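One-letter residues, chain by chain:
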Amino acid sequence: MAALKKWIPLQVVLLIGASLPLAASADETAPTVLAASCVACHGTSGHSAGAIPSLVDLKAEEVERQLLAFRSEDTASTVMGRISKGYSDAEIAALAKEVASWEH
Amino acid sequence: MNGTFRRREILKFGGAALGTLALPHAGRAQASGRVVVVGAGFGGATCAHTLRRIAPSIEVTLVEQNDSFVTCPFSNAVLGGLAEIGAVTQGFDGLRRDGVKMVIDRVEAIDADSSSVRLAGGGTLPYDRLVLSPGIDIKWGAIEGYDQAAAEMMPHAWKAGPQTVLLRKQLEAMPDGGVVVIAAPANPFRCPPGPYERASLIAHYLKTAKPRSKVIILDAKDNFSKQGLFTAAWEQLYPGLIEWVSFAEGGAVERVDPSTMTIETFFGSQKADVANIIPPQRASLLVDTAGLAAGADWCEVDGTTLESKVVPGIHLLGDAIVAGDMPKSGFSASNQGRVCAHAIAALLDGKPAPSASFINTCYSLVAPDYGISVADVFRVAADGSIKKVDGAGGVSPADAPAQFRAQEAEYARSWYANLTSDIYG
């Protein structure tokens, strides 16, 4: 019970924090910054020339599923297995949303 | 535990309250101001175009001394006869289309007190934020006898361009049975796997065109980047063609004599038909005009903003900085350019810089159909240094089949096309 009492105010704080525009900046990496690394290999807005797969017309769920499969090595890859291990579940979900939102 | 929660609450509320006061209008791309970027290599050009894309009201001026940029990535393919120099030469029209104001001139000095840079052509550019991506300078004289005149006989080709073309011509003119010596420096230096990719692609050329020739790498180190992968590939593709002499075996070059094409190490001397001396390096001397290296060879920065630890308002990118665990690579520089652009856009908008996240992915070609890679993810530690994420990253597997190597070679070419087309259009 004592633990719950402490827990409730914190949640309230976090909820208020989430609705403020600056709350995310100091603690977690913004999806736009996370996804900025992707275009270096996959091309501007995910349009790839040559062998590296393009990231166009993908739904967020597909990107998320693929990244999680690379990370668990259920799907074989060259570099993506190594890279995806550097991201948390939440970051992968945020990255996937960002990649799916790119304008083509 | 309770104490930690309280601190977080205070930080959240404190940050939000400050932000609200400082920022009457919320939302994206409100930042304005003048940003001057120096150096149109991977770091500077990426930072300039990223700033224009994420914060169009910021005025971005990019100063570059040459009217095009010859990339070090894939310049080893030019040496191996796999590409022409034009294929690794990037123009700036794409940057101009993005609204970057290009100034082709040399920066003579940085005046941090008046927040301006002075151009060799006579002009002065004032800035609100300055970004320097100036690359390296050679430490002339660090190897006895190796000066600018010697580099015309024994090219370093560690800044791509005329030096690359010169070294290629020397390789073409060399008779069959000749000896190519590559002198590799101690760490840290630009592009850690570069000398070994270079040895590989020169060996590829020699194997095809001059099969009785040899490549000798004289190294100032006892180990090098992707070493296991390179060594295994050399045994398979170029048996007996590449000899690597480690520091312990007397590989460190002490002195050169271009008139006799002699390279002296602590243990003896070696005659060369073609000598590629990759000398010790430091941050471009430009940084010294504002004391940014603080007497050292490289500049210290904060990992989140890439802002100098010595002079506020000046950000540094790429090979010139101490980037913690990140290697000195074009890809690293470009990634730092993106992160720096996001930081500057926030700072000019009165907001804190967002948390940084970096990747470095570097391919090396051992042969046209044989590629190997290193890929890592980086975050910023509490002390502001850039640290590799544990449990992620690494090099290509040691036991991969030929198909895997061929795919990575294809990816290497695609990597170059995508990275340069994103940056230069």
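What counts, and at which threshold
- Residues numbered from 1 in each chain as written.
- Chains lettered and ligands numbered in written order.
- Predicted model: local features only at pLDDT ≥ 70, side-chain atom pairs only at ≥ 80, totals over all residues.
- Heavy atoms only, no water.
- Helix = DSSP H or I, 4+ residues; strand = E, 2+ residues; numbered from the N terminus.
- Rg over C-alpha atoms; globule rule 2.2 N^0.38 Å.
- Buried < 20%, exposed > 50% of the residue type's maximum accessible area, 1.4 Å probe, protein only.
- Contact = heavy atoms within 4.5 Å.
- Areas by Shrake-Rupley, 256 points an atom, 1.4 Å probe, with all protein chains shown as cover.
- Pairing = 2+ DSSP bridges.
- Axes fitted to C-alpha atoms, helices over the stretch in contact; angles between N-to-C directions.
- Salt bridge = Lys/Arg side-chain N within 4 Å of Asp/Glu carboxyl O.

**Q** How should the overall build of chain B be read in this particular structure?
**A** Each helix and strand counted, chain B has 10 helices and 25 strands in total. The C-alpha radius of gyration computed for chain B amounts to 23 Å, which stays within 12% of the reference 22 Å derived for 425 residues, consistent with globular compactness. C-alpha atoms of chain B, sized along the principal axes, occupy 75 × 55 × 40 Å. Counting all 425 residues of chain B, 57% fall into the buried class. Partitioning the contacts of chain B with sequence separation of at least 6, the portion at a separation of at least 24 is 65%. Working note: accessible area of chain B is about 16,800 Å², and carbon and sulfur atoms make up 53% of it.

**Q** Help me understand the sheet that holds strand β14 (residues 253-257) of chain B, please; the structure alone is not making it clear to me.
**A** Sheet strands pair via backbone hydrogen bonds, and the direction of the pair is either parallel or antiparallel. Residues and elements named next belong to chain B. The strand order across the open sheet built from 3 strands is β14-β15-β16, with neighbouring strands paired in antiparallel fashion. Two strands lie at the open edges of the sheet, namely β14 and β16 (269-271), each paired on one side alone. Direction aside, neighbouring strands of the sheet carry axes that sit 20 degrees apart on average.

**Q** I tried to follow the pattern of salt bridges on my own but got confused; where do I start?
**A** Note that side chains of opposite charge can pair when their charged atoms are close. Residues and elements named next belong to chain B. Summed over all chains, the structure comprises 22 salt bridges over all chains. The partner of Arg-338 in a salt bridge is Asp-422, and the shortest N-O contact between them spans 3.0 Å. Here Arg-338, found in helix α9 (residues 330-348), pairs with Asp-422, found in helix α10 (residues 402-424); they are 84 residues apart in sequence, far enough to count as distant. Both residues of the pair, Arg-338 and Asp-422, count as buried.

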